[in-house]
Amino acid sequence: MASLVSFLAFHFLFTIFQYSSLAANVNYNVQTLGAKPDGKTDSTKAFLSAWTSACASGQPATIYVPPGRFLLGTATFAGQSCKNQAITIQIDGTLVAPSNYNVIGNSGTWINFEGVTGVSVIGGTLDAQGANLWACKNSGKSCPTGATTLAFYNSKNIMISGLSSINSQMFHILVYGSQNAKLVGMKVSAPGNSPNTDGIHVEKSSSVTIMNSKIGTGDDCISIGPGTSNLWIENVACGPGHGISIGSLGWEMQEPGVQNVTVKSATFTGTQNGVRVKTWARPSKGFVKYVLFQHLVMVNVENPIIIDQNYCPGGQNCPDQVSGVKISDITYQDIHGSSATEIAMKLDCSKGNPCSDINLEDVKLTYKNEPAHSSCINADGKASGLVQPNNCLYN
Ligand SMILES: *[C@@H]1O[C@H](CO)[C@@H](O)[C@H](O)[C@H]1NC(C)=O
């Protein structure tokens, strides 16, 4: 009996111990660490010190950013030597970049995560105050390149949820060299005429999911660079912007390919492109294969469906060359809506390496309420169901 009692007591204590060690979550409030919600006191040090502590902690940790505007300069959160693989950054406020664009404009990235594992960024607004830099660029003066607002380099198991990014200098969000990232409930915005303000760029990364997001910007809503695989994009509203683009690819001769990309249930409103694959007219061993574009709605989109393998702006660096990038197994399924130009489907593939296994299924695109037109060059594949504009593939 005594042994049963002591067994139960032990079991009880052990359960409590287990529970408390799981539940323990250390909390670092940046304001307690010296950050000021006044929008003008540089709070970078407080953020870095919160990161250093969270990173060194053996327990899951939360870095908390209370409501208010926190001025943040360039910040790198490095994870290579972190003990912690469960850090949540809960943001109720806004992180704002210095109003002088030079402060972050030459640094590549404003808020930079490098080699982190298990980081979640929840809520908050990032305001890079890009307008003065765009004005500088548009005036033709010499200006800094501009910084990407938020980047994850060489990272794993990332979650970004409910984050807003506004007025980036260059790209808003970059996922590079990373595995397993979920970006959900994002709101990304910059004016339609702001230069190079891509929404989300994914490159050399696998298993990235982008869902339930609204992206309006001056360049691609989502752009997909070389070496991307197993990318899932679902329920995204895009516009203004240049649409969702695989590319530009094929600048390099030795370039990793793009494969297994799904773009599902997206709406494009007034954008330059809907879904685009774009490659430089240069020799390359790159490729694009196994792509599914499904359940897409186009509202007054200039080029709803486009493959452009003759990309060579200004005829620089690629005159008279053909793209070596091989494009195959691309399916366009249930895509409907309106085109802002007569040619709603333009498949302009490489003369040296034609597109193959392009599948068109239930496509219905109109121009001024009439069936739109199509144009295919070096494109092979098949069509099924209603396809309007006319299937122009050879097979
Ligand atoms: C393709 O990517 C999805 C995630 O987007 C993944 O679930 C699936 O297993 C991948 N398919 C292959 C054949 O790798």
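These figures come from a predicted structure and were not determined experimentally. (Residues numbered from 1 in each chain as written. Predicted model: local features only at pLDDT ≥ 70, side-chain atom pairs only at ≥ 80, totals over all residues. Heavy atoms only, no water.)

> I keep staring at the domain arrangement of the protein and nothing clicks. Help me out?
Note on interface size: it is often stated as the accessible area lost on association of the parts. Domain assignment breaks the protein into domain 1 (22-219) and domain 2 (221-395). Between the C-alpha centres of domain 1 and domain 2 the distance comes to 30 Å. At the interface, 23 residues of domain 1 touch 23 residues of domain 2. In this assembly, domain 1 packs against domain 2 so that about 1,800 Å² is buried in total across both faces, 47% of it on carbon and sulfur atoms. Per-residue buried area on domain 1 facing domain 2 is highest for I210, I215 and D219; these three make up 26% of the total on that side. Counting every contact that joins domain 1 to domain 2 gives zero salt bridges. (Domains from an automatic or database assignment. Contact = heavy atoms within 4.5 Å. Buried area = accessible area lost by both parts, 1.4 Å probe. Salt bridge = Lys/Arg side-chain N within 4 Å of Asp/Glu carboxyl O.)

> What exactly am I supposed to notice about the state of the cysteines here?
A covalent bond between the sulfur atoms of two cysteines is what we call a disulfide. The full count for this structure, using the stated rule, is six disulfides. Across the disulfide, C55 is cross-linked to C82 (sulfur-sulfur distance 2.2 Å). Its S-S torsion of about -120 degrees marks the bond between C55 and C82 as left-handed, since a negative value means left-handed. Of this pair, C55 sits in helix α2 (residues 44-56) while C82 sits in the loop between β5 (75-78) and β6 (87-91), placing them 27 residues apart in sequence. Between C349 and C355 runs a disulfide, and the two sulfur atoms are separated by 1.9 Å. Taking the torsion about the sulfur-sulfur bond, which here is approximately -95 degrees, the covalent link between C349 and C355 counts as left-handed. Within the protein, bonded cysteines paired by disulfides and numbered along the sequence follow the pattern 1-2, 3-4, 5-6, 7-8, 9-10, 11-12. (Disulfide = S-S within 2.5 Å. Helix = DSSP H or I, 4+ residues; strand = E, 2+ residues; numbered from the N terminus.)

> Before we go on, may I ask you to explain the site of the ligand in this structure?
All residues in the neighbourhood of the ligand are listed as N230, L231, W232 and N260. Contact distances for the ligand include 3.5 Å between an oxygen atom and a backbone N or O atom of N230. In the model, an oxygen atom of the ligand is placed 2.4 Å from a nitrogen or oxygen of the N260 side chain. Relative to its unbound accessible area of 360 Å², the ligand is 38% covered by the protein chains. Per-element accounting of the shell around the ligand gives the leading share, three residues, to strand β20 (residues 229-238). (Near = heavy atom within 4 Å. Polar contact = N/O pair within 3.5 Å; in protein donor to acceptor, adjacent residues only side chain to side chain. Areas by Shrake-Rupley, 256 points an atom, 1.4 Å probe, with all protein chains shown as cover.)

> When you look at the UniProt feature "active site" (unreviewed entry) in the protein in this model, what are you seeing that I'm missing?
This chain's UniProt record puts "active site" (unreviewed entry) on H242. Structurally, H242 is set in the loop between β20 and β21 (244-249). Among residues more than four places away in sequence, those in contact with H242 are G218, D219, D220, C221, Q272, N273 and R276. (UniProt positions renumbered as here; feature names shortened; annotations may be inferred.)

> How do you make sense of the sheet that holds strand β17 (residues 200-203) when you look at a structure like this?
Sheet strands pair via backbone hydrogen bonds, and the direction of the pair is either parallel or antiparallel. Judged by pairing direction, the sheet is parallel, and its 11 strands sit side by side in the order β5-β8-β11-β14-β17-β19-β21-β23-β25-β27-β30 without closing on themselves. Since the sheet does not close on itself, it has two edges, and those belong to β5 and β30 (373-377), each with one partner. Strand after strand, the sheet turns through a mean of 15 degrees between neighbouring axes, direction not considered. Looking at chain direction, β5 and strand β8 (residues 109-114) are connected through four bridges and run parallel. Among the inter-strand pairings, F77 is bridged to a residue of β8, identified as F113. Those strands touched by α2 are β5 and β8, and its axis lies near 0 degrees from that of β5. (Pairing = 2+ DSSP bridges. Axes fitted to C-alpha atoms, helices over the stretch in contact; angles between N-to-C directions.)

> Is there a simple way to think about unusual backbone geometry in this case?
A negative phi angle is the norm for most residues apart from glycine, just as the trans form is the norm for most peptide bonds. Residues G247 and S248 are joined by a peptide bond in cis, for which omega reads 10 degrees. With respect to the secondary-structure elements, S248 resides in strand β21. Of note, the amide linkage connecting Q388 to P389 takes the cis form, showing an omega dihedral of 10 degrees. Summarising the element assignment, P389 is placed in the segment after β31 (379-388).

> So what exactly am I meant to see when it comes to the pattern of salt bridges here?
Evaluation of the coordinates by the stated rule reveals two salt bridges. Among the ionic pairs, D127 bridges to R69, the shortest N-O distance being 3.6 Å. A residue pair is termed long-range when its members are at least 10 positions apart, and D127 in strand β10 (residues 125-127) and R69 in strand β4 (residues 69-71) qualify at 58 residues. Put simply, D220 and R276 hold a salt bridge, and the shortest N to O gap is 2.9 Å. In this pair, D220 sits in the loop between β18 (206-216) and β19 (222-224) while R276 sits in strand β23 (residues 273-280), placing the two residues 56 residues apart along the sequence. In this structure, D220 and R276 share a single accessibility class: buried. (Buried < 20%, exposed > 50% of the residue type's maximum accessible area, 1.4 Å probe, protein only.)

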